[in-house]
Amino acid sequence: MKAKLIDGKATAERIRGEVKQAINQRLLEGKSQPGLATVLVGENPASKVYVRNKQKACAEVGIHSVGYNLPEETSQEELEALVRTLNADPAINGILVQLPLPKHLDEEKVLTAIDLTKDVDGFHPVNIGRLAQKGREPVFVPCTPAGCMVLLEESGAQISGANAVVLGRSNIVGMPVALLLVKADATVTIVHSRTKNIPEIVRSADILVTAIGQPEFVKKEWVKPGAYVIDVGINQVDDPNAKRGYRLVGDVAFDEVSEVAAAISPVPGGVGPMTIAMLLRNTLHAAQLADNA
Ligand code: NDP
């Protein structure tokens, strides 16, 4: 069997188009332009690229973005004071504090300081807590996990009643994806670095989401024929034939697993583009919440 390709790039483009159209419509109706504040502390080069890409995407859909680049030695008090200022600023609908923060800063305290209705990254402990509770809904869902769910739904996977296996339990991907799958009525097993018999557990998955950062870790023999596979992992592997000397691969051995899966998301071009699309959607949602506040 040759798996159906889950094209995150196309889905993300469609969502960006929808957000852009909704923003144009808002402006025609005399409503405010959505605003996003990005807060970057320190000089992490990957974080700089992520923030730049987010700002660029905002500009493309008509979201006003304001970037705060703070020095590495910023104190907890200074950072929380900035968050409070942004909480009070009506032109800012979403506040995104780029993670990871430098080690001397208390991430949880900073995330907790963000107004719940501006938490477009969805990492406020209350939003995550609501994800874990039956009958409660978070104001925002974290972007990468939300993107995984959109891709699964669009792939035609039957989520309710499915056995889902999530590889990874990080705060930003694995755990919230697992919680979302439970909310969508899947039966979920979470695999981490201490899990025994990983291939056997993976073989039980109708839906498999991988977020461990281990290149081509999941092999064809581990995957149930007809499974739906969402690969979040982004790993660099040496490739002398590539222009940069490396190429990007996921956590799944894509070529061989596509012989057995029903559908699979590629790396790159799968979950990656969805993260920013979901951030734009969350920021629009934040502006809509402010309309009704
Ligand atoms: P973390 O390093 O925070 O978490 C990795 C998780 O995988 C941990 O729970 C860890 O277990 C588990 N793990 C690691 N190695 C193994 C192993 N050999 N067997 C079983 N479990 C293992 O990573 P993130 O969640 O931040 O990211 C995961 C991947 O997703 C990365 O490749 C990252 O680049 C990518 N990513 C992609 C995004 C996108 O597409 N937009 C966004 C965010 C991340 P334990 O908890 O026991 O340590």
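Residues numbered from 1 in each chain as written. Predicted model: local features only at pLDDT ≥ 70, side-chain atom pairs only at ≥ 80, totals over all residues. Heavy atoms only, no water.

1. Some remarks on the nonpolar core
By size, the foremost hydrophobic cluster in this structure holds 48 residues, and its most contacted members are Leu-152, Leu-181, Ile-207, Val-209, Ile-230, Val-232 and Leu-280. Contributions of two or more residues to this core are made by helix H1 (8-28), helix H2 (45-61), helix H6 (143-155), strand S5 (163-167), helix H7 (174-183), strand S7 (207-210) and helix H10 (272-291). The dominant element in this core, judged by the number of residues it contributes, is H10, at eight residues. Domain assignment of the residues forming this core places at least three in each of domain 1 (30-116) and domain 2 (143-272). Filtering out sequence-adjacent residues up to four positions away, Ile-230 remains in contact with Ile-6, Cys-148, Leu-151, Leu-152, Leu-208, Val-209, Thr-210, Ser-265 and Val-271. (Core = buried A, V, L, I, M, F, W, Y, C linked by side-chain atoms within 4.5 Å. Buried < 20%, exposed > 50% of the residue type's maximum accessible area, 1.4 Å probe, protein only. Helix = DSSP H or I, 4+ residues; strand = E, 2+ residues; numbered from the N terminus. Domains from an automatic or database assignment. Contact = heavy atoms within 4.5 Å.)

2. Considering unusual backbone geometry
For the bond running from Leu-99 to Pro-100, omega is 0 degrees, close enough to zero to count as cis. In this fold, Pro-100 is placed in the loop between strand S4 (94-97) and helix H4 (107-113). Going from Val-267 to Pro-268, the amide bond is cis rather than trans, its omega being -5 degrees. Mapping Pro-268 onto the fold places it in the loop between strand S11 (263-264) and H10. Even without being glycine, Asp-185 reaches a positive phi, approximately 75 degrees. Mapped onto the secondary structure, Asp-185 falls in the loop between H7 and strand S6 (187-191). The phi dihedral of Glu-216 is positive, around 50 degrees, even though this residue is not glycine. Tracing the sequence through the fold places Glu-216 in the loop between S7 and strand S8 (228-231).

3. Some points on H6
With 13 residues, H6 should reach 18 Å at 1.5 Å per residue; the first-to-last C-alpha distance of 18 Å fits that figure. Within H6, 11 of the 13 residues are buried, which leaves it mostly tucked inside the rest of the structure. Those residues of H6 not exposed but buried are Cys-143, Thr-144, Pro-145, Ala-146, Gly-147, Cys-148, Met-149, Val-150, Leu-151, Leu-152 and Ser-155. (Expected span 1.5 Å × (residues − 1).)

4. Some thoughts on the sheet that holds strand S3 (residues 64-70)
Pairing is parallel across the open sheet formed by three strands, whose spatial order is S3-S2-S4. What marks the edges here is a single partner per strand, and that holds for S3 and S4. Direction aside, the axes of adjacent strands within the sheet are offset by 15 degrees on average. As judged from the seven bridges shared by strand S2 (residues 35-41) and S3, these two strands associate in the parallel manner. Residue pairing for S3: Gly-35 is matched across the bridge by His-64. Against the sheet, helix H3 (residues 76-88) touches S2, S3 and S4, its axis set at about 175 degrees to S2. (Pairing = 2+ DSSP bridges. Axes fitted to C-alpha atoms, helices over the stretch in contact; angles between N-to-C directions.)

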